[in-house]
Amino acid sequence: MVRATTRPALVFVVDGEHRPNGGRCPACDLRLFPFTPSCPSCTKTTMEVCRLASTGEVYSRSTVHVGAAAPYMLAYVDLDDGVRLLAKVRGDAPIGGRVRVVASEGDAVVVEVLA
Amino acid sequence: MTRGVSLVGVGMIPFGRYPEATHADIAVPAISAAMDDAGARPTDLDVAFCGTSFGGMLTGQRVLRELGMTGPPITNVENACSSGSTAIRQAYLGIQAGAFDTALVFGVDKLTQFGGGTLPLEVEDHEVRGGMVMPALYAMRAQRYLYEHGYGPEDLAAVAVKSREHARSNPYAQLRKRTTVGEVLSSRPIADPLTLFQCCPTGDGAAAVILVADELAGRFTPPPVHVLASVLESGRYEPGHRDMTRAEITIQSAELAYEQAGLGPDDIDVAEIHDAFTIAELMYYEAFGFCDVGEAPKALAAGETSLGGRVAVNPSGGLLSRGHPIGATGVGQVVEIVWQLRGECGERQAEGARIGLAHATGGGLAGLDHGACCIHILGR
């Protein structure tokens, strides 16, 4: 048997808030994104789905000018609960800027600068 | 006392664009050159390893069949940008352990088969599906590096200028034309702040080396070059906040390599390091201890890492100018270091080089600095 192949949606929307669906290890409390069934830290096999923070800070970003989808801006966002995720940026976002998850598009989480 | 390993023959072809060529068309001349260099016959070689990422099934056999060199074991090695150097390490380990005495290693890839654009990455990786391409990963490192240390795009561009300057006299380099900071910055934007001239070109190539147990080195023509360290690491998985200006896997590998060789950064005369993008070269100066953290642009500007400087970094032009046909790169770096240690590099010779280092790292994978990093330290 292969491992369960179902994965939660990238983002869970509750009360208008977009919370990335991460994984949390009940044994060692490691959090990561996206959800993965096994814990890479303590190797326990049952991760729980965990709603991650919807806000964070831009660690770095770059506008990509190559490929069919260009131009688009990518950013590594450090969420307030310690997880880093790659996101597409709607509009512009400077390094250090506060952003909020506002959508998911295909396999990408989308963030926007906090007003 | 473990068994020592020497390099007794090396060869490569000029890296470039050969869209009509097969992998055998590209690799056979490199292998023949290494065999001729060593004065070796096919029967002198116990085993062969082929490093390739995109060569397809049985690349090693497809190539060696044309040289009548099939029969003995051939192992194909895929480890992204470290495929070729990982293949060298496999040969090194086998000889060291006494499993065999002699080995041919070659690396080959043909990126023109993709028709241009960025390197195809594995779509099972969620960041790749989310829009990640290799230039964007390095661009985000560059943005953060410039932000933290207060440098500008011209400091990145200076790496490309030095690279072309070195490659000018290298007949094996894909890009040999001099350039300027202005020209680098005004070339086509790829992933800001990186422009076209700050990214390694798409190309094809092959390189080959022959490794033998030290006690057999006397049977071959050239003065042997000794393997002083051979290290391979995979990156540590870190799903949380990570300092992307710190090249974790290279720092870790460099420490192990220095320890294995009983040497330190001050002992390295010449180095071929993995400058897939301009920012990478700067980060790796710091990872190898060629300068302090945050000082790499200053070391470059002072000429410390140019030919004639304290440590000649990428005298071949590196990935930015020699080119980066993935599987061929790690072997091509070792070929260049062997030539440097033998004093055969003409205008691009690092004078009096006795100790050299080759470093290939790569593979874009979410949560890892890189998927693989392979370092060899060589000495004459």
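Remember, it's a predicted structure, so these values are computed and weren't measured experimentally. (Residues numbered from 1 in each chain as written. Chains lettered and ligands numbered in written order. Predicted model: local features only at pLDDT ≥ 70, side-chain atom pairs only at ≥ 80, totals over all residues. Heavy atoms only, no water.)

What follows covers the overall build of chain B. A tally of helices and strands in chain B yields twelve helices and twelve strands. Here the C-alpha radius of gyration of chain B, 19 Å, is about what a compact globule of 380 residues would show, namely 21 Å. Burial status across chain B gives 62% buried among its 380 residues. Summarising the internal contacts of chain B: among those between residues at least 6 apart in sequence, 77% fall at separations of at least 24. For chain B, the exposed surface amounts to about 13300 Å²; the carbon and sulfur share of it is 51%. One finds the centroid of the 28 positive side-chain charges in chain B at a distance of 4 Å from the centroid of its 44 negative side-chain charges. (Helix = DSSP H or I, 4+ residues; strand = E, 2+ residues; numbered from the N terminus. Rg over C-alpha atoms; globule rule 2.2 N^0.38 Å. Buried < 20%, exposed > 50% of the residue type's maximum accessible area, 1.4 Å probe, protein only. Contact = heavy atoms within 4.5 Å. Areas by Shrake-Rupley, 256 points an atom, 1.4 Å probe, with all protein chains shown as cover. Lys, Arg positive; Asp, Glu negative; His and termini not counted. Charge placed at Lys NZ, Arg CZ, Asp CG, Glu CD.)

This part is about the packing of helix α3 (residues 83-97) of chain B against helix α12 (residues 326-342) of chain B. Residue and element names in this part refer to chain B. Running from N to C, α3 and α12 cross one another at 60 degrees; their axes reach a closest spacing of 5 Å. Here α3 is positioned oblique relative to α12, judged by the angle of their axes. Packed against α3, whose contacting residues are Ser-83, Gly-84, Ser-85 and Ile-88, the element α12 presents Gly-327, Gly-330, Val-331 and Val-334 at the interface. The class makeup of the residues in the contact of α3 with α12 is three nonpolar, five polar and no charged. (Axes fitted to C-alpha atoms, helices over the stretch in contact; angles between N-to-C directions. Parallel < 35°, antiparallel > 145°, perpendicular 65-115°, else oblique. Nonpolar A, V, L, I, M, F, W, Y, C, P; charged D, E, K, R; others polar.)

Next up on the list: helix α9 (residues 278-287) of chain B. Helical periodicity: at 3.6 residues per turn, an α-helix aligns residues three or four positions apart in one direction. Judged by how many residues are buried, α9(B) sits mostly within the fold: ten of ten residues are covered. Looking at α9(B), one finds that the buried residues are B:Thr278, B:Ile279, B:Ala280, B:Glu281, B:Leu282, B:Met283, B:Tyr284, B:Tyr285, B:Glu286 and B:Ala287.

The next subject is the environment of B:Glu272. Residue and element names in this part refer to chain B. Along the chain, Glu-272 turns up in strand β9 (residues 270-272). Residues Glu-272 and Phe-15 lie 257 residues apart in sequence; the distance between their C-alpha atoms is 16 Å. Apart from the residues within four sequence positions on either side, Glu-272 is in contact with Asn-314, Pro-315, Ser-316, Gly-318, Arg-322, Gln-333, Glu-336, Ile-337, Leu-357, Ala-358 and His-359. A polar side-chain atom of Glu-272 sits 2.7 Å from a polar atom in the side chain of Ser-316. (Polar contact = N/O pair within 3.5 Å; in protein donor to acceptor, adjacent residues only side chain to side chain.)

Moving on: the side chain of B:Asp44. Residue and element names in this part refer to chain B. Within the fold, Asp-44 resides in the loop between α1 (23-38) and β2 (47-51). By relative accessible area, Asp-44 is classed as buried at 18%. Residue contacts for Asp-44: discarding those within four places in its chain leaves Gly-39, Thr-102 and Phe-220.

Strand pairing in a sheet relies on backbone hydrogen bonds, with the paired strands running either antiparallel or parallel. Residue and element names in this part refer to chain B. What the ten strands build is an open sheet, ordered β3-β2-β4-β7-β1-β8-β12-β11-β9-β10; its pairing is mixed. Two strands bound the open sheet, and with one partner strand each, they are β3 (74-77) and β10 (312-313). Where β2 meets strand β4 (residues 102-110), five bridges bridge the pair, whose relative direction is parallel. Residue pairing in the sheet places Ala-48 in a bridge with Leu-104 of β4. (Pairing = 2+ DSSP bridges.)

In this section: the packing of helix α5 (residues 134-149) of chain B against α9(B). Residue and element names in this part refer to chain B. Between α5 and α9, the shortest axis-to-axis distance is 9 Å and the interhelical angle comes to 60 degrees. Between α5 and α9, the angle is such that the two are oblique. Both α5 and α9 take part in a crossing whose hand is left-handed. Across the interface between the two elements, Tyr-138, Arg-141, Ala-142 and Tyr-145 of α5 pack against Ile-279, Ala-280, Met-283, Tyr-284 and Glu-286 of α9. For the contact of α5 with α9, a count of residues per class yields seven nonpolar, no polar and two charged. (Left-handed = near helix turned anticlockwise from the far one by under 90°.)

Let's shift gears to the nonpolar core. Soluble globular proteins tend to pack their nonpolar side chains together in the buried interior. Residues and elements named next belong to chain B. Ranked by internal contacts, the top residues of the largest apolar core, which has 67 residues, are Leu-104, Phe-106, Val-209, Ile-210 and Leu-211. With nine residues, the top contributor of residues to this core is α1. Beyond its immediate chain neighbours, meaning those up to four positions away, Val-209 contacts Leu-7, Gly-9, Val-10, Ala-34, Ile-88, Ala-103, Leu-104, Val-105, Val-331, Val-334 and Val-335. Within the second largest apolar cluster, 62 residues are counted, among which are Leu-137, Ile-273, Cys-373 and Ile-375. (Core = buried A, V, L, I, M, F, W, Y, C linked by side-chain atoms within 4.5 Å.)

A word on unusual backbone geometry. Of note, the bond from A:Ala70 into A:Pro71 is cis; its omega dihedral lies within 30 degrees of zero at -5 degrees. Turning to its location among the elements, A:Pro71 is positioned in the loop between β5 (55-64) and β6 (72-79). With an omega of 15 degrees, the peptide bond between B:Asp192 and B:Pro193 qualifies as cis. For B:Ala80, which is not glycine, the phi torsion reads 50 degrees and is therefore positive. Residue placement: B:Ala80 occurs in the loop between β3 and α3. Phi at B:Asn314 takes a positive value of approximately 55 degrees, unusual for a residue other than glycine.

This is a description of form; function is not addressed.
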